[in-house]
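Residues per chain are reported as follows:
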2 protein chains.
Amino acid sequence: MRIAVLGVGLIGGSIALAARERLAAEVAGWDPAKPALSAAVRRGALGRAAGSVAAAVAGADAVFCAAPVARLPGLVAEALAAAGPECVVTDVGSTKRAVVEAFADPRFVGGHPLAGAETAGVAHARADLFDAATWYLTPREATSGVLYERLHRLLRGIGAQPAAIDADTHDRVLAAVSHLPHVLANVLVAQAAATLRAGGERLPATGPSFRDATRVAGAPSAIWTDIYLANRDALLRELDGTLERLQAVRGALADGDPEAITDWNDAAAEDRRTLLESHLAGEDVFQLRASVPNQPGVVARIALELGRAGVNIADMALSPAPDMSEGVIALWIAGRGSAERAAALIGGLGFPVAGP
Amino acid sequence: MRIAVLGVGLIGGSIALAARERLAAEVAGWDPAKPALSAAVRRGALGRAAGSVAAAVAGADAVFCAAPVARLPGLVAEALAAAGPECVVTDVGSTKRAVVEAFADPRFVGGHPLAGAETAGVAHARADLFDAATWYLTPREATSGVLYERLHRLLRGIGAQPAAIDADTHDRVLAAVSHLPHVLANVLVAQAAATLRAGGERLPATGPSFRDATRVAGAPSAIWTDIYLANRDALLRELDGTLERLQAVRGALADGDPEAITDWNDAAAEDRRTLLESHLAGEDVFQLRASVPNQPGVVARIALELGRAGVNIADMALSPAPDMSEGVIALWIAGRGSAERAAALIGGLGFPVAGP
């Protein structure tokens, strides 16, 4: 397999390393910053450093665009222009609506790995960065099922867990679970620094709760200013909700109301359990086989339908019938309940399904 | 050495385990909940389960009061009533003004280890819980220097790094670096849960930033309602500052102002560096020796003066002169710069000092 990585920072470099180490892929890379490109070659992430996007993409089976969000539409357009008809092009941007709306090309699938680190740059790239990480994919009706499956398989191969989601939902969810936490980390670190400076003390020791809460504070502006602005509407809604909630707890505290504070705290404990523990169960994997017409949009519809219902596709495989008129899509789903729900959902879309 | 631990949850249980394993101490324990006491004995944390505070404290050299903040004044009073004249009594409460103001007894030193976990209860107690953790101590003028040194040494022996701080400063600092992060974690988890529920989706996968930011959300109400209320005034000030900062970034976002967002984000990065990296340097340790009169309050004054200046006392030892009229306090300080500042500060208090 031949892969092109456009942008070889932490994420692009880690994709390249993982593809070489785990899939024995040939990896070509390009980066607007020549020193980054050289570093990626020295790091062993690239087999070939290309002098242009077109040179990197030539002959590739899959292209990863790993640039800051604001530069993605331009980069994806360049990649699609250079890519062959059987090449899947994806990106790793943290917001998805703008780039996904810009391309109805069957070869493009928006993507977003939920992985990162306190570091940046290819020097910190790791082949295991995506192990067990959710990797959101945002297929559209126009997306080629064959190419979607290839990308899904490739991501599984580098350790990630792909999950389909539509771009609108992705951006709304990420505003709540990623962009808002980044804003709060920034505000917290600024507030604490101001308080400590105002006291004239040297900086005191801080405990683990502060370190954890501020781990992502001041994430690189070159990436994050774009993300905040690209998802401005959704983030503003989350900020308004947050301001209301903070005012409410401020009121309970000012009133010295132990019952209100206990109720508020207990509710947070319950919310946290629900949010964080719903994905932890280790479960058996069940196979489903659905017969589907060989037409555009089918795989995207199934992936999105299951994604919406919270059913993760652990793995998938497509087998077209010899006359290409229809095919079978095999899906592996963790947990009998989820597999049964998946079967019902696929049946509801009008496709015959066998298993679990 | 004989130690009494009153309250054998995660913190009390870990103190007991560490004291037995590392200091070969005899540890007696008491807890208002009999099942917790039995569990602590089974866990190997206690050599003896006592039926009352007085029975646990009898013959002890040091007593740790490890109860929720609101119950500490009562428990410390009981412990002091039962303790001998050479026994140091301390507590582990997360807010310090109330308990410290309540006792001018030379045997009492307020304390607060910056350690914890996502768990509670003696079942999760660990002998290494305090390794390298800052353990704030809040001596007053009345505090016995001999007993302060004994406690300091004991805490070093179980792996902690004691740091002196006055109770007012402690509570203000902790409002910023601990209580505010807990409030924000609660608000964040509630906001995200509401957003996801409103969309009617199943819960999506969340990334590491969300897990880190909400690690302390919904910490046990039995402990935290008391903490929030005990430090209400300081926490309200932090909340008001936080609300202002959130409104400001909301404004920059609503304006779509990339420069304002970049400046704000860069400032957060700088604040984070300053706050978190100031304590990371590994440095040589220098010894100071100061001659001090053998009178109450001297050790507390020195410890607090250095604590205020951000100078950590890595270790300390007191050697009284034979006639007890004066003594030498030896201090070990990490970093030549800090050691020189410590010498100047101690000189400024009027005590002759040698080294570094």
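Placed above this text is the structure.
Residues numbered from 1 in each chain as written. Chains lettered and ligands numbered in written order. Predicted model: local features only at pLDDT ≥ 70, side-chain atom pairs only at ≥ 80, totals over all residues.

**Student:** Hey, could you go over the overall build of chain A for me, with residue numbers and the actual values?
**Tutor:** Summing up its helical and strand segments, chain A has 13 helices and twelve strands in all. By its C-alpha atoms, chain A is 75 × 50 × 35 Å across when sized along the principal axes. Across the 356 residues in chain A, those meeting the buried criterion constitute 54%. Taking the contacts inside chain A whose residues are at least 6 apart along the sequence as the reference set, 72% of them involve residues at least 24 apart. (Helix = DSSP H or I, 4+ residues; strand = E, 2+ residues; numbered from the N terminus. Buried ≥ 20, exposed ≤ 12 C-beta atoms within 10 Å, placed from the backbone. Contact = placed C-beta atoms within 7 Å.)

**Student:** Got a sec to walk through the packing of helix α7 (residues 167-198) of chain A against helix α10 (residues 232-254) of chain B? Specific residues and values, please.
**Tutor:** Interhelical geometry of α7(A) versus α10(B) gives an angle of 130 degrees and a closest axis separation of 10 Å. In terms of orientation, α7(A) lies oblique with respect to α10(B). In terms of crossing hand, the pair formed by α7(A) and α10(B) is right-handed. Contact residues: A:Val183, A:Val187, A:Ala190, A:Gln191, A:Ala194 and A:Thr195 in α7(A); B:Glu238, B:Gly241, B:Thr242, B:Arg245, B:Leu246 and B:Val249 in α10(B). (Axes fitted to C-alpha atoms, helices over the stretch in contact; angles between N-to-C directions. Parallel < 35°, antiparallel > 145°, perpendicular 65-115°, else oblique. Left-handed = near helix turned anticlockwise from the far one by under 90°.)

**Student:** Describe the relation of the copies chain A and chain B, naming the residues involved and giving the relevant values.
**Tutor:** Note on the identical chains: chain A maps onto chain B by a rotation of 180 degrees and an axial translation of 0.0 Å, with an RMSD of 0.1 Å. Such a combination of rotation and displacement between the chain copies is what one expects of a two-fold axis. Identified as the residue of chain A closest to the rotation axis by C-alpha distance is A:Ala213, at 2.2 Å. Taken as a fraction of all interface residues of chain A, those also at the interface in chain B reach 99%, which identifies the copy contact as same-surface. (Least-squares fit on C-alpha atoms with pLDDT ≥ 70 in both.)

**Student:** Report on the interface of chain A and chain B, specifying residues and quantitative values.
**Tutor:** For interface size, the figure often reported is the accessible area lost on association. Listed per partner, the contact involves 84 residues of chain A and 84 residues of chain B. Put simply, the parts of the chain that give the side of chain A that touches chain B at least two residues each are α7, α8 (208-213), α9 (221-230), α10 (232-254) and α11 (258-277) of chain A. Among the elements that take part in the side of chain A that touches chain B, α7(A) stands out by supplying 23 residues, more than any other. Residue classes in the side of chain A that touches chain B are distributed as 45 nonpolar, 25 polar and 14 charged. (Nonpolar A, V, L, I, M, F, W, Y, C, P; charged D, E, K, R; others polar.)

**Student:** Residue-level account of the sheet that holds strand β2 (residues 26-30) of chain B, with values.
**Tutor:** All names here are of chain B. The mixed open sheet is built from eight strands, whose spatial order is β3-β2-β1-β4-β5-β6-β7-β8. Edge strands, defined here as strands with exactly one partner in the open sheet, are β3 (48-49) and β8 (161-164). One ladder, built from four bridges, connects strand β1 (residues 2-6) with strand β4 (residues 62-65); its direction is parallel. Across the sheet, Ala-4 pairs through a bridge with Val-63, a residue of β4. (Pairing = 2+ DSSP bridges.)

**Student:** Describe helix α1 (residues 10-23) of chain A, with residues and values.
**Tutor:** Residues and elements named next belong to chain A. Here α1 contains 14 residues, and its C-alpha end-to-end distance of 19 Å stays within 8% of the 20 Å for a straight helix at 1.5 Å per residue. Here α1 has its buried residues at Leu-10, Ile-11, Gly-12, Gly-13, Ser-14, Ile-15, Ala-16, Leu-17, Ala-18 and Ala-19. Packing partners of the buried residues in α1 comprise β1 (2-6), β2 (26-30), α2 (34-42), β4 (62-65) and β6 (108-113). Looking one or two places after α1, you find Ala-24, whose phi comes out positive at around 50 degrees. (Expected span 1.5 Å × (residues − 1).)

**Student:** Pulling in residues and values, what's your account of the environment of A:Asp128?
**Tutor:** Summarising the element assignment, A:Asp128 is placed in the loop between β6 and β7 (134-138). Taking the C-beta count within 10 Å as the criterion, A:Asp128 has 15 such neighbours and is therefore assigned partly exposed.

**Student:** Residue-level account of unusual backbone geometry, with values.
**Tutor:** Glycine aside, negative phi is the norm for most residues, and most peptide bonds take the trans geometry. All names here are of chain A. Along the chain, Gly-355 connects to Pro-356 via a cis peptide bond; the corresponding omega equals 0 degrees. Residue placement: Pro-356 occurs in the segment after β12 (353-354). The phi dihedral of Ala-24 is positive, around 50 degrees, even though this residue is not glycine. Turning to its location among the elements, Ala-24 is positioned in the loop between α1 and β2.

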